[in-house]
Amino acid sequence: MTVFSLTEDQIAIRDMAASFAAESLAPHAVRWDEEKHFPVEEMRQAAALGMGGIYIRDDVGGSGLSRLDAAVIFEALSTGCPTVAAYISIHNMCAWMIDRYGSDEQRQKFLPKLCSMEHLASYCLTEPGAGSDAAALKTKAVLDGDHYVLDGQKQFISGAGVSDLYVVMVRTGEAGPSGISTIVVEKGTPGLSFGANEKKMGWNAQPTRAVIFENCRVPVANRIGPEGIGFKIAMAGLDGGRLNIGACSIGGAQGALDKALGYAQERKAFGARIADFQALQFKLADMATELEAARTFLWRAAAALDEKTPDATKLCAMAKRVATDTGFEVANQALQIHGGYGYLADYGIEKIVRDLRVHQILEGTNEVMRMIVARSLVGRAKGN
Ligand SMILES: Cc1cc2nc3c(=O)[nH]c(=O)nc-3n(C[C@H](O)[C@H](O)[C@H](O)COP(=O)(O)OP(=O)(O)OC[C@H]3O[C@@H](n4cnc5c(N)ncnc54)[C@H](O)[C@@H]3O)c2cc1C
């Protein structure tokens, strides 16, 4: 398989996602950010086009596509609104965890409504005292007959309060990663509640809340896979999640670069179009080059995950760091090209910069990405 050019099918998928982004997301993105509106109806329209379960098997309504296809889709969607695209990415990650590790009964129960986005899902790993060191999580699930009783709190959960399903990493056993299990908690379960919608720098078109469990009884039948593999499930989900979030950065930045190109050809200073100044042309050339390098690398990592190569996790971590750092830098330069107007909300550029900033923090900070890469390098140097 070559990843240096897209197939006809991939081009058609990309064009479909880009049209949807241009028609249904972009015209509203600035307003949704201002009003903190979570556009559930538009996301269901995206799901009707196959974007609710992109790499979910088709017997439960998924699209059965590859990780590379998903990267192409999330880049295209993000040209309309990175925040909405990123939530759809998290939703897809949760659905995949159930598809990959759930029983057939669980797949049939949860996935058709997730693929249509009639139900939305949230990924619940982070806690107030466990972010980068996620394996230190403390939310406990104690077995009581045919139920688990959950107590604890998750922090920073995207979609919380609106989502219908919470894919929660809980402690069922010893300290460390091997004592963690994954349980699906359904909205409306007694003992499940939410914190206030956090006020934040960007990503305002999706809610972020704490998820609180107090004596919350969840059927054992909602545990995904056996006890003790929850951390493995969470990390496997993140391999793909990191590709998607990287793609969202590239798409957001591409949208910002396109706006900057248009603006530079209209805006005049010193009697010329600012696009005629070589300093600005070189800036644009570097932005386009670095974005293309990040995109190409992301596709390589996606192909590795599709092929399940042994270095896939490392490549996904590398690609997430490069794509999110590059995306933020390119968007920030696009703002600079707009001068003072870039700083005004109406131009839609400052929103992209604010939205892309958090991609360097979540789904594992970019320092954590370096830890993952460094571990494999140092391990190899020691002959491990
Ligand atoms: C808007 C938003 C949405 C989010 N959505 C979700 C979600 O849906 N589900 C979910 O589970 N989580 C979510 N998160 C949480 C996110 O994944 C965490 O914020 C992130 O993993 C970092 O954890 P922390 O904030 O506790 O930072 P910490 O872990 O406290 O890190 C603080 C700083 O120390 C650095 N650091 C930590 N350890 C090391 C080390 N060993 N070496 C070098 N540097 C280190 C970090 O890189 C960081 O710069 C979201 C966060 C935000 C802001």
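Cut-offs and rules
- Residues numbered from 1 in each chain as written.
- Predicted model: local features only at pLDDT ≥ 70, side-chain atom pairs only at ≥ 80, totals over all residues.
- Heavy atoms only, no water.
- Near = heavy atom within 4 Å.
- Polar contact = N/O pair within 3.5 Å; in protein donor to acceptor, adjacent residues only side chain to side chain.
- Areas by Shrake-Rupley, 256 points an atom, 1.4 Å probe, with all protein chains shown as cover.
- Helix = DSSP H or I, 4+ residues; strand = E, 2+ residues; numbered from the N terminus.
- Expected span 1.5 Å × (residues − 1).
- Bend = angle between axes of the 7 residues up to and from the residue.
- Buried < 20%, exposed > 50% of the residue type's maximum accessible area, 1.4 Å probe, protein only.
- UniProt positions renumbered as here; feature names shortened; annotations may be inferred.
- Pairing = 2+ DSSP bridges.
- Axes fitted to C-alpha atoms, helices over the stretch in contact; angles between N-to-C directions.
- Contact = heavy atoms within 4.5 Å.
- Nonpolar A, V, L, I, M, F, W, Y, C, P; charged D, E, K, R; others polar.
- Arc of directions from axis to C-beta.
- Salt bridge = Lys/Arg side-chain N within 4 Å of Asp/Glu carboxyl O.
- Core = buried A, V, L, I, M, F, W, Y, C linked by side-chain atoms within 4.5 Å.

### Details of the site of the ligand
For step 1, the next point in the chain: Looking at the ligand, there are 16 residues lining it, with Thr 126, Ser 132, Phe 156, Thr 365 and Glu 367 nearest.
For step 2, the next point in the chain: Measuring from an oxygen atom of the ligand, one finds a side-chain N or O atom of Thr 365 at 2.7 Å.
For step 3, the next point in the chain: Coverage of the ligand by the protein amounts to 64% of the 970 Å² it exposes when considered alone.
For step 4, the next point in the chain: No other element matches strand β3 (residues 147–158), which puts three residues into the shell around the ligand.

### Some remarks on helix α7 (residues 230–266)
For step 1, the next point in the chain: Its 37 residues place the ends of α7 54 Å apart at the C-alpha level, agreeing with the 54 Å of an ideal helix rising 1.5 Å per residue.
For step 2, the next point in the chain: Taking the largest bend as the criterion, α7 deviates by roughly 30 degrees, centred on Asp 239.
For step 3, the next point in the chain: Among the 37 residues of α7, 29 are classified as buried, and the element is accordingly described as predominantly covered.

### Re the UniProt feature "domain: Acyl-CoA dehydrogenase/oxidase C-terminal" (unreviewed entry) in the protein chain
For step 1, the next point in the chain: In this structure's numbering, the residues bearing the UniProt feature "domain: Acyl-CoA dehydrogenase/oxidase C-terminal" (unreviewed entry) are residues 230–377.
For step 2, the next point in the chain: Annotated as residues 230–377, this span is 76% helix and 3% strand, and its ends, taken at the C-alpha atoms, are 26 Å apart.

### Some details on the pairing of strand β2 (residues 140–144)
For step 1, the next point in the chain: As paired strands, β2 and β3 are joined by five bridges and run antiparallel to one another. The residue bridging Asp 144 from the neighbouring strand is His 147, located in β3.
For step 2, the next point in the chain: The hairpin formed by β2 and β3 contains two residues between the paired strands, and Gly 145 there has a positive phi angle of roughly 65 degrees.

### A few points about the packing of helix α4 (residues 67–78) against helix α8 (residues 278–306)
For step 1, the next point in the chain: Packing of α4 against α8 brings their axes to within 7 Å, and their N-to-C directions diverge by 145 degrees. For the pair α4 and α8, the contacting residues are Arg 67, Leu 68, Ala 71, Val 72 and Glu 75 in the first and Arg 295, Leu 298, Trp 299, Ala 302, Leu 305 and Asp 306 in the second.
For step 2, the next point in the chain: Class assignment for the residues of the contact of α4 with α8 results in seven nonpolar, no polar and four charged.

### A short note on helix α1 (residues 8–25)
For step 1, the next point in the chain: Across its 18 residues, α1 extends 25 Å between first and last C-alpha, which sits within 8% of the 26 Å expected from 1.5 Å per residue.
For step 2, the next point in the chain: Along α1, the positions that sit buried rather than exposed are Gln 10, Ile 13, Ala 17, Phe 20, Ala 21, Ser 24 and Leu 25. Looking straight down α1, one finds that the buried residues subtend no more than 105 degrees of arc, so they occupy a single side. Every exposed residue of α1 that faces more than 90 degrees away from the buried side is listed here: Glu 8 and Glu 23.
For step 3, the next point in the chain: Packed against the buried residues of α1 are α2 (29–35), α3 (40–48), α4 and α5 (82–101).

### Section: the pattern of salt bridges
For step 1, the next point in the chain: As enumerated under the stated definition, the model contains 18 salt bridges in all.
For step 2, the next point in the chain: In this structure, the salt-bridge partner of Arg 354 is Glu 350, at a minimum N-O distance of 2.8 Å. Of this pair, Arg 354 and Glu 350 both sit in helix α10 (residues 349–357), four residues apart, roughly one helical turn. Accessibility assignment for this pair places Arg 354 and Glu 350 in one class, buried.
For step 3, the next point in the chain: Salt bridges here are not isolated pairs; linked through shared partners, they connect Arg 57, Asp 59, Asp 99, Asp 104 and Arg 107.

### A closer look at the pairing of strand β5 (residues 180–186)
For step 1, the next point in the chain: With six of seven residues buried, β5 is to be regarded as a mostly interior element.
For step 2, the next point in the chain: Bridge count for strand β4 (residues 165–171) against β5 is seven bridges, and the pairing is antiparallel. Across the sheet, the residue bridging to Val 168 is Ile 183, located in β5.
For step 3, the next point in the chain: Where β5 and strand β8 (residues 223–224) come together, two bridges link them in antiparallel fashion. The residue of β8 that forms the bridge with Ile 183 is Arg 223.

### Description of the nonpolar core
For step 1, the next point in the chain: Grouped together as the largest cluster of nonpolar side chains are 106 residues, with contacts concentrated most on Met 43, Leu 77 and Tyr 123.
For step 2, the next point in the chain: Top element by residues in this core is α7. It accounts for 16 residues.
For step 3, the next point in the chain: Of all hydrophobic cores here, the second largest spans 16 residues; its members include Cys 124, Val 168, Ile 183 and Cys 216.

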